[in-house]
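Here are the chains, one letter per residue:
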Amino acid sequence: MSLTIASTATLPGGVEIPLLGLGVYQSRPGEETRRAVEAALALGYRHVDTARAYGNERDVADGIAASGLARRDVFVTTKLWNADHGYDAALRACDASLQRLGMERVDLYLVHWPVQGLRGETWRAMERILSDGKARAIGVSNYTTRHLEELLGTAKVPPAVNQVELHPFLQQRGLVDFCRARGIAVEAYAPLVKARRMDHPVLRRIAARHRVTPARILVRWGLQRGFVVLPKSVRPERIQENASVYGFGLDAEDLAALEGLDDGYRTSWDPTDAP
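What you see is a predicted model, and the numbers here were worked out from it, not measured in a lab. (Residues numbered from 1 in each chain as written. Predicted model: local features only at pLDDT ≥ 70, side-chain atom pairs only at ≥ 80, totals over all residues. Heavy atoms only, no water.)

So, on to the pairing of strand E8 (residues 161–165). Judged by how many residues are buried, E8 sits mostly within the fold: five of five residues are covered. As judged from the two bridges shared by strand E7 (residues 138–141) and E8, these two strands associate in the parallel manner. Each bridged residue has a counterpart across the sheet, and for Val 140 the counterpart in E8 is Asn 162. Strand direction decides the pairing type here: E8 and strand E9 (residues 185–189), joined by five bridges, are parallel. Paired with Asn 162 across the two strands is Val 186, which belongs to E9. (Buried < 20%, exposed > 50% of the residue type's maximum accessible area, 1.4 Å probe, protein only. Helix = DSSP H or I, 4+ residues; strand = E, 2+ residues; numbered from the N terminus. Pairing = 2+ DSSP bridges.)

Here the focus is helix H3 (residues 87–101). Given a rise of 1.5 Å per residue, 15 residues ought to cover 21 Å, and the 21 Å separating the end C-alpha atoms of H3 matches this to within 8%. Of all the positions in H3, only Tyr 87, Ala 89, Ala 90, Leu 91, Ala 93, Cys 94, Ser 97, Leu 98 and Leu 101 are classed as buried. At its buried positions, H3 is contacted by helix H2 (57–67), strand E5 (75–80), strand E6 (108–111) and helix H4 (119–131). Downstream of H3 by one or two residues, Gly 102 has phi in the positive range, about 65 degrees. (Expected span 1.5 Å × (residues − 1). Contact = heavy atoms within 4.5 Å.)

Now for the sheet that holds E5. Spatial strand order, E3-E4-E5-E6-E7-E8-E9-E10: eight strands in an open sheet with parallel pairing. The two strands at the open ends of the sheet, each matched to only one other strand, are strand E3 (22–23) and strand E10 (228–230).

Counted under the stated rule, the structure contains four aromatic pairs. Arranged with centres 5.9 Å apart and planes meeting at 20 degrees, the rings of Trp 81 and Trp 269 form a pair that is stacked. Of this pair, Trp 81 sits in the loop between E5 and H3 while Trp 269 sits in the segment after helix H10 (252–259), and the two are 188 residues apart along the sequence. What makes Trp 81 partly exposed here is its relative accessible area of 22%. Across from the ring centre of Phe 178, 3.6 Å away, lies the NZ or CZ of Arg 182, which sits over that ring. The aromatic ring of Tyr 265 is capped on one face by Arg 197, whose charged end is 4.1 Å from the ring centroid. (Phe/Tyr/Trp six-rings, centres within 6.5 Å; stacked < 30°, edge-to-face > 60°. Lys NZ or Arg CZ within 6 Å of the ring centre and 35° of its normal.)

Within the secondary structure, Thr 144 is located in the loop between E7 and helix H5 (145–152). Its relative accessible area of 15% is what places Thr 144 among the buried residues. Ignoring any residue separated from it by four or fewer positions in sequence, one finds Thr 144 in contact with Leu 175, Pro 271 and Thr 272.

With that out of the way, let us pick up the packing of H5 against helix H6 (residues 173–181). At a minimum axis separation of 10 Å, H5 and H6 run at an interaxial angle of 20 degrees. Taken together, H5 and H6 sit at an angle that is classed as roughly parallel. Across the interface between the two elements, Thr 145, Leu 148, Glu 149 and Leu 152 of H5 pack against Gly 174, Leu 175, Phe 178 and Cys 179 of H6. Partitioned by chemical class, the residues of the contact of H5 with H6 number five nonpolar, two polar and one charged. (Axes fitted to C-alpha atoms, helices over the stretch in contact; angles between N-to-C directions. Parallel < 35°, antiparallel > 145°, perpendicular 65-115°, else oblique. Nonpolar A, V, L, I, M, F, W, Y, C, P; charged D, E, K, R; others polar.)

It helps to recall that an α-helix has 3.6 residues per turn; residues three or four apart then point in one direction. Those residues of helix H7 (residues 201–210) that sit buried are Val 202, Leu 203, Ile 206 and Ala 207. Along the axis of H7, the buried residues cluster in a sector spanning 130 degrees; they form a single face. Away from its buried face by more than 90 degrees, H7 exposes Pro 201 and Ala 208. Against the buried residues of H7 lie helix H8 (214–224) and H10. (Arc of directions from axis to C-beta.)

Turning next to the environment of Ala 257. Positionally, Ala 257 belongs in helix H10. Overall, the relative accessible area of 22% leaves Ala 257 in the partly exposed class. Ignoring sequence-local partners within four residues, the contact set of Ala 257 consists of Val 202, Arg 205 and Ile 206.

Now the structure itself:
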């Protein structure tokens, strides 16, 4: 598969989303986030994924400004938090995020979590945000097949993206197949399994075969599966490592071995039983 750091997927409306992005979950507000964003952009990343809940939207904007890149050259995602569901609340929350980011619009605005009772009104607001030009694309995060079926039953505009935890130890094949059949791009958060499985013998064997680190195998796996992959780090050397995945490829034997690792292991919240 021919992949580069500039590789993109196309969302509805012709929006190009870079397949590799920097996640800033748990990146501390202030200098830590600013430096991480600036380092990533210097290394060729062109996609940063933040959220209102992370508390670092302003710092993401400062990092982009410090990079010297034009705003149009960086794909920015942020997310609507649980406390901001409902039609009017979601509209206000989007405006507040844009103010913190210092932007007139974001490239992608996501519903962070499927909050019970308010999802329908929230999605109406998301459609308004799209039509008003405050986001180039809209989508969801942590939605299961059940939540997506509910949304698609009433939505005038379907979600362009579903961002969920994905890695070889949690492959969510049914959900991925459902999304792909409906043109919903899949984004993988926690692709490095929060470094909890780096010593797995299968992962280490494949990494040794390619003379790379296990982290690079995990990122490459997500890219070859066609996901938008969002590794998180604040250390420049790790940010660079996570982007050094284009000089090798996983073959059929590698992919089969990695497919066999799926044991449903989650590092984060589980939306399966979210009402």
